[in-house]
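One-letter residues, chain by chain:
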Amino acid sequence: FNSLHESFSLQRGIQADGLSGLTKKHGYVVSAADCALVAVKNGNLVIAAHAGRNSVIDMNYMKGGEKRENESVVHAILKRIVGANLDIQRTHGWIGFSISPGPQFAHASNDHENPHNRKMVEYVARHYGPSCFKQDGQGGTLGWLDVKELIRRQFLSLGVPEGNIE
């Protein structure tokens, strides 16, 4: 596609998890299937990103691996905002559609095939609150993750005003 027009590029996969530096003159698409999308604006800076479970939770760390540089895509976006000397208080975040929490997206704490689920559920609940999990009728042990609520709580924990998050 680059041969068609110098300023056009099409990327997929790990190189295309988000776009930064967008302006009113840019068109963009971030595909996400059933994962959430996040768009953030502060002044003239616009950032759009895929925000699925593995983008908002460091699953490699939950499985016993090394922590990545940014805990989540939300952390990476706000790091970019701060790096551009922009005030977090003036940041606006929009959280798009996402898979609904429920049995189709469970992370059971007692799943013997996925023992990292317990660490993930406990970590998210401790750092971002139990509201990140939909009531499952079993005391939260089924781990019905609400990705949109987790993203909202990450924005709040990093200083974005609640009234600026949609």
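This text follows the structure it describes.
Residues numbered from 1 in each chain as written. Predicted model: local features only at pLDDT ≥ 70, side-chain atom pairs only at ≥ 80, totals over all residues. Heavy atoms only, no water.

Caption draft 1: Summary view of helix α3 (residues 73–83). Taken as a whole, α3 has its buried residues at Val 73, Val 74, His 75, Ile 77, Leu 78 and Ile 81. Along its buried surface, α3 packs onto β2 (36–42), β3 (45–51), α1 (53–56), α4 (116–128) and α5 (147–157). A side-chain oxygen of the first residue of α3 lies 3.1 Å from the backbone nitrogen of Val 74; this N-cap is Ser 72. Where α3 ends, the next residue or the one after it, Asn 85, has phi of about 55 degrees, a positive value. (Buried < 20%, exposed > 50% of the residue type's maximum accessible area, 1.4 Å probe, protein only. Helix = DSSP H or I, 4+ residues; strand = E, 2+ residues; numbered from the N terminus. Contact = heavy atoms within 4.5 Å. Polar contact = N/O pair within 3.5 Å; in protein donor to acceptor, adjacent residues only side chain to side chain.)

Caption draft 2: Spatial organisation of α4. In this model α4 runs 18 Å from its N-terminal to its C-terminal C-alpha over 13 residues, within 8% of the 18 Å that 1.5 Å per residue would give. All buried positions along α4 are accounted for by His 116, Asn 117, Met 120, Val 121, Tyr 123, Val 124 and Tyr 128. Projected down its long axis, α4 shows its buried positions confined to an angular sector of 165 degrees, all on one face. Looking at the buried positions of α4, the neighbouring elements they touch are α2 (59–62), α3 and α5. Following α4 by one or two positions, Gly 129 adopts a phi angle in the positive range, close to 100 degrees. (Expected span 1.5 Å × (residues − 1). Arc of directions from axis to C-beta.)

Caption draft 3: A look at unusual backbone geometry. Of note, Asn 85 is a non-glycine position whose phi angle comes to about 55 degrees, a positive value. Note on placement: Asn 85 falls in the loop between α3 and β4 (92–95). For Asn 85, a relative accessible area of 73% puts it in the exposed group.

Caption draft 4: How the structure looks around the packing of α3 against α5. Packing of α3 against α5 brings their axes to within 9 Å, and their N-to-C directions diverge by 35 degrees. Pair α3 / α5 crosses with right-handed handedness. The segment α3 lies against α5, with Val 74, His 75 and Leu 78 engaging Ile 151, Gln 154 and Phe 155. For the contact of α3 with α5, the residue count by class is 4 nonpolar, 2 polar and no charged. (Axes fitted to C-alpha atoms, helices over the stretch in contact; angles between N-to-C directions. Left-handed = near helix turned anticlockwise from the far one by under 90°. Nonpolar A, V, L, I, M, F, W, Y, C, P; charged D, E, K, R; others polar.)

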